[in-house]
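Descriptive analysis of the structure
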Amino acid sequence: MSEINFTAIDYIFSNFRKKEVMISYIKDHFELFQSLLEASLSLEYSNAWRSTLLVGHIMEKNDVLIKPLVDDFIEVLLKLNHDGHQRQVLIVLDKMQLNEEQEGRLFDKCMTLWEDIKKIPSTRIRAFWMLLKIAEPYPEIQQDIKHFTTEYYLKTLSPGIRVIIEREIKKINGGL
């Protein structure tokens, strides 16, 4: 990894309020993208989650610049202290094509996030979507996921999110 240009990243966050303006600035100064990308993996940097949010908006699907860092994003996921940062990392990973081993590691971490009912609902639902995505080709794993959709796991979610999850579980059951 190269040295992170925190000064330039902090400049972006302190001088621009609108996400679209930040994205435009980074696209105009694309040399900052690598620093932004590396900052998004930081456990200490206060703007790491915002850096990850911008990475998620700027990156392409299966981005060649992200590909070498996929393992790092998976590894850091449960170490992050900010639920919103975890959610943004999941958004980045959702745009990447993962190999089977990466999917397995991500599945385990997403299950941990989903099971933690103290996490903010937006992080938990993002983890749930990743569980479903990874399990899609594996009906037996889909059946296992159903066991983690009892009232205990759903009680902290909004009624709207609960309906969406219940709809997904019906699909797993064959629409019953």
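Above this text is the structure in question.
Below is a summary of the structure that appears in this document.

Thresholds applied
Residues numbered from 1 in each chain as written. Predicted model: local features only at pLDDT ≥ 70, side-chain atom pairs only at ≥ 80, totals over all residues. Heavy atoms only, no water. Helix = DSSP H or I, 4+ residues; strand = E, 2+ residues; numbered from the N terminus. Rg over C-alpha atoms; globule rule 2.2 N^0.38 Å. Buried < 20%, exposed > 50% of the residue type's maximum accessible area, 1.4 Å probe, protein only. Contact = heavy atoms within 4.5 Å. Areas by Shrake-Rupley, 256 points an atom, 1.4 Å probe, with all protein chains shown as cover. Lys, Arg positive; Asp, Glu negative; His and termini not counted. Charge placed at Lys NZ, Arg CZ, Asp CG, Glu CD. Phe/Tyr/Trp six-rings, centres within 6.5 Å; stacked < 30°, edge-to-face > 60°. Axes fitted to C-alpha atoms, helices over the stretch in contact; angles between N-to-C directions. Parallel < 35°, antiparallel > 145°, perpendicular 65-115°, else oblique. Left-handed = near helix turned anticlockwise from the far one by under 90°.

A word on the overall build of the protein. A count of helices and strands for the protein gives 11 helices and 0 strands. Counting from the amino terminus, the protein carries its helices and strands in the arrangement α-α-α-α-α-α-α-α-α-α-α. In terms of overall size, the protein behaves like a compact globule, its C-alpha atoms giving a radius of gyration of 17 Å where 176 residues would be expected to give roughly 16 Å. With the C-alpha coordinates of the protein rotated into their principal frame, the extents come out at 55 × 30 × 25 Å. Considering the protein as a whole, with its 176 residues, one finds that 47% of them fall into the buried category. For the protein, restricting intrachain contacts to residue pairs at least 6 apart in sequence, the fraction spanning at least 24 positions comes to 68%. On the protein, roughly 9,400 Å² of surface is accessible, and the fraction owed to carbon and sulfur atoms is 53%. For the protein, the distance from the average position of its 23 positive side-chain charges to the average position of its 26 negative side-chain charges is 8 Å.

Once that is clear, we can look at the environment of Val-76. By secondary structure assignment, the location of Val-76 is in helix H5 (residues 70-76). Residue classification places Val-76 among the buried positions, given a relative accessible area of 7%. In this structure, the C-alpha to C-alpha distance between Val-76 and Ser-42, residues 34 residues apart in sequence, is 8.5 Å. Here Val-76 is in contact with Leu-41 and Leu-43, once residues within four sequence places are set aside.

Another point: helix H4 (residues 48-58). The complete set of buried residues in H4 reads Ala-48, Ser-51, Thr-52, Leu-54, Val-55, Gly-56 and Ile-58. Residues of H4 that are buried sit in contact with helix H1 (6-15), helix H2 (19-28), helix H3 (33-39) and helix H6 (83-94).

Here the focus is unusual backbone geometry. You will see that Asn-62, though not glycine, has its phi angle at about 55°, which is positive. Inspection of the secondary structure assignment puts Asn-62 in the loop between H4 and H5. Exposure remark for Asn-62: the relative accessible area of 24% places this residue in the partly exposed category.

What follows is about the packing of aromatic side chains. Taken as a whole and judged by the stated rule, the model has 9 aromatic pairs. Ring centres of Phe-30 and Phe-33 lie 5.0 Å apart, and the angle between their planes is 10°; on these two criteria the pair is classed as stacked. When the centroid spacing of 4.8 Å and the interplanar angle of 40° are considered together, the rings of Trp-114 and Phe-128 count as tilted. Residue Trp-114 is located in helix H7 (residues 100-115), and its partner Phe-128 is located in helix H8 (residues 121-135); the two are separated by 14 residues in the primary sequence. With respect to burial, Trp-114 and Phe-128 carry one shared label: buried. In this structure an aromatic cluster arises from ring pairing among Tyr-11, Phe-16 and Tyr-25.

As a further point, take the environment of Lys-170. Residue placement: Lys-170 occurs in helix H11 (residues 159-172). Owing to a relative accessible area of 48%, Lys-170 belongs among the partly exposed residues under this scheme. Counting along the chain gives 24 residues from Lys-170 to Lys-146, while the straight-line C-alpha distance between them is 9.6 Å.

Before going further, it helps to spend a moment on the packing of H6 against H8. Remark: H6 packs on H8, axes separated minimally by 8 Å, with the N-to-C direction vectors making an angle of 25°. Comparing the axis directions of H6 and H8 gives the class roughly parallel. H6 and H8 meet at a crossing whose hand is left-handed. Counted together, Asp-83, Gly-84, Gln-86, Arg-87, Leu-90, Ile-91, Leu-93 and Asp-94 of H6 and Ser-122, Thr-123, Arg-126, Ala-127, Met-130 and Lys-133 of H8 form the full contact between these two elements.

Geometry only, nothing functional implied.
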